[in-house]
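The chain contents come next:
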Amino acid sequence: MNNPMLQLLVLAGIAVFLVLRLRNVLGTREGFEQPHAREMPQSPERKKPDLEVIEGGPDRDVVDHVTEGSPQADALMAMKTIDHSFAVGDFLSGARGAYEMIVMGFEKGELEEIKPFLAPDIFDTFAEVVAARKEQGLTIEAEFIGVREMKIIDASLDEDTHEAEIIIRFTAELTSAVKNAAGEVIEGSASEVKRQKDTWAFAHDMGSENPNWMLVSTDA
């Protein structure tokens, strides 16, 4: 094989490698894109976690988020034992999207889309506030910037009922302006970014075929 042909094949091989590498990077890109409709924290669809536990070693999917050997770690490990498709990393990714969806649904007064994912008392509280705003002729103009930090504060599992609860502290940034009936801003700002912190509790029956987690507390 002559040298020009060999060089051509080498260059072609390098080009294919770069295209595949770029595709992988783009396919795993992370950011603050708008969530898909009804996106909620949930167990992945019956697939094995990508990360396997090395025999005799800690489960990084758990100890990367809570202290090894803690009650929270034990609870998360027990959840994974009951539901083999559950992964902490996947849950947190879903919780991030759910937080944005619920916050913006409440800010805009659009509760029907998020109702299936709220505990009844949480939905009733949200509905009362939205109704009061409407009665006063108030509207909210809001834009979600992104979740800057999230951390598991607690995790527990009822061994008898398999009811799991995970408490997460969110730190997010958004703009929010309250306007009166005349369209005048009476609180907040449509351009000034504010930092918001929330501690939410999500609950789920680990034995259920429904993968969705439900928001049960907004002041855990």
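**What to know about unusual backbone geometry**
- Non-glycine residue His162 carries a positive phi angle of around 65°.
- Tracing the chain through its elements places His162 in the loop between β1 (139–157) and β2 (163–179).

**Details of the pairing of strand β3 (residues 185–205)**
- The sheet contact formed by β2 and β3 spans 16 bridges and is antiparallel. Note on β3: the bridge partner recorded for Glu165 is Ala203.
- The hairpin formed by β2 and β3 contains five residues between the paired strands, and Gly183 there has a positive phi angle of roughly 85°.
- Two strands pair when backbone bridges link them, and β3 and strand β4 (residues 214–217) are joined in this way by three bridges, in the antiparallel orientation. Across the sheet, residue Ala203 finds its bridge partner in β4, namely Met214.

**Things to note about helix α4 (residues 88–108)**
- In this model α4 runs 30 Å from its N-terminal to its C-terminal C-alpha over 21 residues, within 8% of the 30 Å that 1.5 Å per residue would give.
- Counting buried positions over the 21 residues of α4 gives 16, a clear majority of the element.
- Gly109 occupies a position one or two residues after α4 and carries a positive phi of about 75°.

**Digging into the packing of α4 against helix α5 (residues 120–135)**
- Here α4 crosses α5 at 35°, and the two axes come no closer than 9 Å. Mapping the contact onto sequence places Ile102, Phe106, Glu107 and Lys108 in α4 and Phe126, Val129, Val130 and Arg133 in α5.
- Here the residues of the contact of α4 with α5 are counted per class, giving five nonpolar, no polar and three charged.

**Re a negative patch on the surface**
- On the surface, Asp158, Glu159, Asp160, Glu163 and Asp205 cluster together into a patch of negative charge.
- Within the secondary structure, Glu159 sits in the loop between β1 and β2.
- Take Glu159: its relative accessible area is 68%, and that puts it in the exposed class.

**Points about the nonpolar core**
- Counting 47 residues, the largest nonpolar core has Leu76, Met79 and Ile166 as the members making the most contacts within it.
- Broken down by secondary-structure element, the contributors of at least two residues to this core are α3 (71–82), α4, α5, β1, β2 and β3.
- Per-element tally for this core: the top contributor is α4, with ten residues.

**Details of the sheet that holds β4**
- Ordered by their spatial adjacency, four strands build an open sheet running β1-β2-β3-β4, and the pairing between neighbours is antiparallel. At either margin of the open sheet sits one strand with a lone partner, and together these are β1 and β4. Going across the sheet, the axis of each strand differs from the next one's by a mean of 35°, ignoring polarity.
- Relative to the sheet, α3 contacts β1 and β2, its axis offset from that of β1 by approximately 95°.
- Sitting on the sheet, α4 is in contact with β1, β2, β3 and β4, with an inclination near 145° to β1.

**What about the side chain of Ser85?**
- Mapped onto the elements of the fold, Ser85 is located in the loop between α3 and α4.
- Polar side-chain contacts of Ser85 include one of 2.6 Å to the side chain of Asp83.

**Focus on the confidence of the model for the chain**
- When pLDDT is averaged across the chain, the result is 81; 74% of the residues are at 70 or more.
- Scored below 50 in pLDDT, residues 3–39 shows 21 contacts in the model against residues more than four places distant or in partner chains.
- Confidence drops under a pLDDT of 50 for residues 43–54, and excluding neighbours within four residues, the segment shows 23 contacts in the predicted structure.

**Focus: the packing of aromatic side chains**
- Scanning the model with the defined rule gives ten aromatic pairs in all.
- With 6.3 Å between their ring centres and 80° between their planes, Phe91 and Phe202 make a pair best called edge-to-face. Taken together, the residues span a long stretch of sequence, with Phe91 in helix α4 and Phe202 in strand β3 at a distance of 111 residues. In this pair, the class of Phe91 matches that of Phe202, namely buried.
- Geometrically, the ring pair formed by Tyr99 and Trp200 is tilted, given 4.7 Å between the ring centres and 55° between the ring planes. In this pair, Tyr99 sits in helix α4 while Trp200 sits in strand β3, placing the two residues 101 residues apart along the sequence. Side by side, Tyr99 and Trp200 carry an identical accessibility label, which is buried.
- Taken together through their ring pairs, the aromatic side chains of Phe86, Phe91, Tyr99, Phe144, Phe170, Trp200, Phe202 and Trp213 make up a single cluster.

Rules used throughout
- Numbering of residues begins from 1 in every chain and follows the order in which that chain's sequence is written.
- Owing to the predicted nature of the model, reporting of local features is limited to residues with pLDDT of at least 70; listing and counting of side-chain atom pairs is limited to 80 or more, with chain, interface and lining totals taken over all residues.
- With hydrogens and water set aside, each side-chain value is computed from the structure's full complement of heavy atoms.
- Helix and strand definitions follow DSSP, with helices as H or I runs of at least four residues and strands as E runs of at least two, each counted in order from the N terminus.
- Pairing between strands requires that DSSP locate at least two bridges from one strand to the other.
- Multiply 1.5 Å by the residue count of a helix minus one, and that product is the helix's expected span.
- The cut-offs for exposure are 20% and 50% of the maximum accessible area for each residue type, with area from a 1.4 Å probe on protein chains only; residues under the lower value are buried, those over the upper are exposed, and the others partly exposed.
- To define axes, lines are fitted to C-alpha atoms, for helices over the stretch in contact only, and angles between the resulting N-to-C directions are given on a 0 to 180 degree scale.
- By definition in these notes, contact holds between two residues if any of their heavy atoms fall within 4.5 Å.
- Gly counts as polar in this scheme, as do all residues outside two lists: the nonpolar Ala, Val, Leu, Ile, Met, Phe, Trp, Tyr, Cys and Pro, and the charged Asp, Glu, Lys and Arg.
- The patches described consist of residues with a relative accessible area above 30% and no salt bridge, like charges being joined within 9 Å and nonpolar side chains (Val, Leu, Ile, Met, Phe, Trp, Tyr) within 5 Å.
- Here the accessible surface of atoms and residues is derived via Shrake-Rupley with a 1.4 Å probe, and residues count as covered only by protein chains that are part of the display.
- For salt bridges, the criterion is a side-chain nitrogen of Lys or Arg within 4 Å of an Asp or Glu carboxyl oxygen.
- Only four residue types enter the charge count, namely Lys and Arg as positive and Asp and Glu as negative; His and the chain termini do not.
- All charge positions are set by atom: Lys at NZ, Arg at CZ, Asp at CG, Glu at CD.
- Buried Ala, Val, Leu, Ile, Met, Phe, Trp, Tyr and Cys residues that are joined via side-chain atoms within 4.5 Å together make up what is termed a nonpolar core.
- Any N or O atom pair separated by 3.5 Å or less is treated as a polar contact, with the protein-specific requirement of one donor-capable and one acceptor-capable atom, and with residues adjacent in sequence counted only for side-chain atom pairs.
- Values of pLDDT, the confidence the predictor places in each residue, fall between 0 and 100.
- Centres within 6.5 Å make a pair out of two Phe, Tyr or Trp rings, where for Trp the six-membered ring is used; the pair is then stacked when the planes are under 30 degrees apart, edge-to-face when over 60, and tilted otherwise.

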